[in-house]
Amino acid sequence: MDKTQKRVGVVGGVRIPFCRNNTAYADVGNFGMSVKVLGALVEKFGLHGAELGEVAMGAVIRHSSDWNLAREAVLSSGLAPTTPGITTARACGTSLDNAILIASRIATGQIEAGIAGGSDTTSDVPIVYGQKLRKRLLAMNRAKTVKEKFQAATRGFSFKELKPSFPGVAEPRTGKSMGDHCELMAKEWKIGRAEQDELALASHRKLAAAYDAGFFGDLVVPFRGLKRDGFLRPDTTLEKLAALKPAFDKTSGQGTLTAGNSTGLSDGAAAVLLGSEEWAAARGLPIQAYLTHAQVAAVDFVHGEGLLMAPTIAVPRMLKQAGLTLQDFDFYEIHEAFAAQVLCTLRAWESEDYCRHRLGLDAPLGSIDPAKLNVNGSSLASGHPFAATGARIVATLAKMLEQKGSGRGLISICTAGGMGVTAILERP
């Protein structure tokens, strides 16, 4: 970080339990979940009536009426109504992006403190209709007379126009879902079913152990009757995971991604408070860790690169910027969109060919200590409300560094559209 810039502290975060879509939060929506986590953050850090420099909240799947989601949530949060809000989206990296956005503004002195977060629901999704009906309704709105409106409404009308269209998870450029793309990655990198299931099992066991140890006591706020994540299966076994059928490649006999080693459709929200050292000290708020470096990257997945491989590029760029190696970390938080995605990423960093020819490095980045990976579980066990995952990870990692007393953690998040968002948290 530029020595002329301010250090950016992560004060702490909160989230609501993540849950399966169409369950506990089915009728809440992004606004309700955003208000809940912002209000909980305000309560946790005594921010009632406080004016912050910015609140950056995001949502990937949202209604057109939610264009001002962050600002509207701020107005219901307990913060001063003079606190501005900005609504963002970069798929699964959204709230990590928001943390980077807030940190950048703090580091350059634009603001002293802000909140980064995100919310997503796959229960309360926008339902739209086809182009023909949309054009018909617009024509009716433009018509001046009753006769013209009737003609616009009836001319050439077909009941097929009333068929609704639901949001999809397919990449517009390829027509393939994220799971379909990850299946291709798993085949390219020779990632087997057994190792995917083992990583998924470890995620559930680690998340369950963290809950049992009380780690999430001040990070997860009960909501709608939930105290723990709805995806968590502490009693799952390798045998149960092995019994699941492929979820994406169902015909070739070689599919390895299942509902057990892939994240499910989720609802939830998370937020994290960041501030300058001076601001935090003035309010008597301890800083858990510092956000010191960040990087984003993208891959040409349309022409053959793995859709979720962009973090493999962003991380070495960030390491070079920070003057660090891949092994210089106490914790690694690699978002588990799919177990196969995590394993492909790790294998790529170990590959001399990939690191030399794709990353332009003289040698492989190397391996990491598995004991330092997703220590308290990750998305396979907690769930993955797209825009909420980054804030969940930042809050979790900051607390881990605070508990350790010192150290360094790496965050890596893959996103739809072939992008990756990464960051480094440190505690001196």
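You'll find the structure just up there.
Note that the structure is a prediction, hence the values are computed from the model and not measured.

Undergrad: Any chance you could explain the overall build of the chain here in plain terms?
TA: Looking only at helices and strands, one finds 14 helices and 12 strands in the chain. In terms of C-alpha radius of gyration, the chain reaches 22 Å, essentially the compact-globule figure of 22 Å for 428 residues. Projected onto the principal axes, the alpha-carbon positions of the chain cover approximately 75 × 60 × 45 Å. The proportion of buried residues among the 428 residues of the chain is 54%. When contacts within the chain are restricted to residue pairs at least 6 apart in sequence, those whose partners lie at least 24 apart make up 78%.

Undergrad: So what exactly am I meant to see when it comes to the layout of surface pockets here?
TA: Left-over empty space is what a probe sized like a water molecule reveals as it rolls over the atoms. Taken as a whole, the largest pocket spans an internal volume of roughly 910 Å³. In terms of residue class, the lining of the largest pocket is made up of 23 nonpolar, 14 polar and 3 charged. A volume near 220 Å³ is recorded for the second largest pocket. For the second largest pocket, the lining is made up of 13 residues, of which Gln5, Ser104, Ala107, Thr292 and His293 are closest to its centre. Among the secondary structure elements, those contributing two or more residues to the lining of the second largest pocket are helix 3 (94-107) and strand 9 (289-298). Split by residue class, the lining of the second largest pocket holds 7 nonpolar, 6 polar and no charged.

Undergrad: Help me understand the pairing of strand 3 (residues 54-58), please; the structure alone is not making it clear to me.
TA: Among the 5 residues that make up strand 3, 5 are buried, leaving the element largely enclosed by the rest of the structure. Neither face of strand 3 is left uncovered, since the one carrying Glu54, Ala56 and Gly58 and the one carrying Val55 and Met57 both have all their residues buried. Both strand 3 and strand 5 (residues 113-120) contribute to a ladder of 5 bridges, which runs parallel. When the bridges of strand 5 are listed, Glu54 appears paired with Gly114. As paired elements, strand 3 and strand 4 (residues 85-88) share 4 bridges and run parallel to each other. When the sheet's bridge partners are listed, Val55 is paired in strand 4 with Gly85. As a crossover connection, the stretch from strand 3 through helix 2 (residues 69-75) into strand 4 is right-handed.

Undergrad: Explanation requested: helix 6 (residues 178-188) in the structure shown.
TA: Each turn of an α-helix holds 3.6 residues, which means side chains three or four residues apart point in the same direction. Taken together, the buried positions of helix 6 are occupied by Met178, Gly179, His181, Cys182, Glu183, Met185 and Ala186. Contacts made by the buried residues of helix 6 are with helix 7 (193-212), helix 11 (339-350) and strand 11 (407-415). Count one or two residues on from helix 6 and you reach Lys190, which has phi positive near 55 degrees.

Undergrad: Would you explain the pairing of strand 1 (residues 8-15) in this entry?
TA: Here is the key point about a regular strand: its side chains alternate between the two faces of the sheet. In terms of burial, strand 1 is largely enclosed, as 8 of its 8 residues are buried. Taken together, the 7 bridges between strand 1 and strand 8 (residues 266-276) define a ladder with antiparallel strand orientation. Opposite Gly13, over in strand 8, you have Val272 as the bridge partner.

Undergrad: Would you mind showing me how to read the environment of Phe150 here?
TA: Mapped onto the fold, Phe150 is located in helix 5 (residues 146-154). Considering only alpha carbons, one finds Phe150 and Gly377, 227 residues apart in sequence, at a separation of 58 Å.

Undergrad: When you look at the packing of aromatic side chains in this model, what are you seeing that I'm missing?
TA: For any pair of aromatic rings, the description rests on two quantities: the centre-to-centre distance and the angle between the ring planes. If you walk through the whole model with that rule in mind, you get 7 aromatic pairs. Here Phe248 and Phe338 contribute two aromatic rings whose centre-to-centre distance is 6.0 Å and whose plane-to-plane angle is 75 degrees, an arrangement assigned as edge-to-face. Of this pair, Phe248 sits in the loop between helix 8 (238-242) and strand 8 while Phe338 sits in the loop between strand 10 (331-334) and helix 11; the two residues are 90 residues apart in sequence, bridging distant segments of the chain. Among the aromatic residues, those joined into a cluster by ring pairs are Tyr211, Phe215 and Phe216.

Undergrad: Looking at this structure, how should I read a nonpolar patch on the surface?
TA: A contiguous nonpolar patch, built from Phe157, Phe159 and Leu162 and spanning about 330 Å² of accessible area, is present on the exposed surface. Following the sequence through the fold, Phe159 ends up in the loop between helix 5 and strand 7 (164-165). On the basis of relative accessibility, which here comes to 67%, the residue Phe159 falls in the exposed class.

Undergrad: Help me understand the pattern of salt bridges, please; the structure alone is not making it clear to me.
TA: Any two side chains of opposite charge can pair if their charged atoms end up close together. Per the counting criterion, the structure on display carries 19 salt bridges. Close ionic contact of Arg7 with Glu277 constitutes a salt bridge, the shortest N to O distance being 2.7 Å. Taken together, the residues span a long stretch of sequence, with Arg7 in the segment before strand 1 and Glu277 in helix 9 (residues 277-282) at a distance of 270 residues. With relative accessibility at 34%, the residue Arg7 sits in the partly exposed group. On the accessibility criterion, Glu277 (29% relative accessible area) is partly exposed.

Undergrad: I tried to follow the environment of Trp189 on my own but got confused; where do I start?
TA: Relative to the assigned elements, Trp189 resides in the loop between helix 6 and helix 7. Beyond its immediate stretch of four places on either side in the chain, Trp189 contacts Met309, Cys344, Arg347, Ala348, Ser351 and Tyr354.

Undergrad: It is not clear to me how unusual backbone geometry should be interpreted in this structure. Could you clarify?
TA: Working note: non-glycine residues mostly have negative phi, and peptide bonds are mostly trans. Phi is positive for Lys190, which is not a glycine, with a value near 55 degrees. Here Lys190 shows up in the loop between helix 6 and helix 7. One non-glycine residue, Asn374, adopts positive backbone phi at about 45 degrees.

Undergrad: Honestly, empty space enclosed by the protein in this entry has me stumped. Any pointers?
TA: Inspection of every chain in the model, using the stated rule, returns 1 cavity of 30 Å³ or more. Approximately 30 Å³ is the volume found for the largest cavity. Surrounding the largest cavity, Arg15, Leu207, Phe216, Asn376, Gly377, Ser378, Ser382, Arg392 and Thr396 form its lining. Taken together, the residues that form the lining of the largest cavity break down as 2 nonpolar, 5 polar and 2 charged.

Cut-off values and rules
Residues numbered from 1 in each chain as written. Predicted model: local features only at pLDDT ≥ 70, side-chain atom pairs only at ≥ 80, totals over all residues. Heavy atoms only, no water. Helix = DSSP H or I, 4+ residues; strand = E, 2+ residues; numbered from the N terminus. Rg over C-alpha atoms; globule rule 2.2 N^0.38 Å. Buried < 20%, exposed > 50% of the residue type's maximum accessible area, 1.4 Å probe, protein only. Contact = heavy atoms within 4.5 Å. 1 Å grid on protein atoms, 1.4 Å probe; cavity = no way out; pocket = protein on both sides within 12 Å on 5 of 7 lines; lining within 4 Å. Points joined across faces, edges and corners; volume = space filled by probe spheres on them. Nonpolar A, V, L, I, M, F, W, Y, C, P; charged D, E, K, R; others polar. Pairing = 2+ DSSP bridges. Right-handed = clockwise from strand over helix to strand, strands pointing away. Phe/Tyr/Trp six-rings, centres within 6.5 Å; stacked < 30°, edge-to-face > 60°. Patch = residues over 30% accessible without salt bridge, like charges linked within 9 Å, V, L, I, M, F, W, Y side chains within 5 Å. Areas by Shrake-Rupley, 256 points an atom, 1.4 Å probe, with all protein chains shown as cover. Salt bridge = Lys/Arg side-chain N within 4 Å of Asp/Glu carboxyl O.

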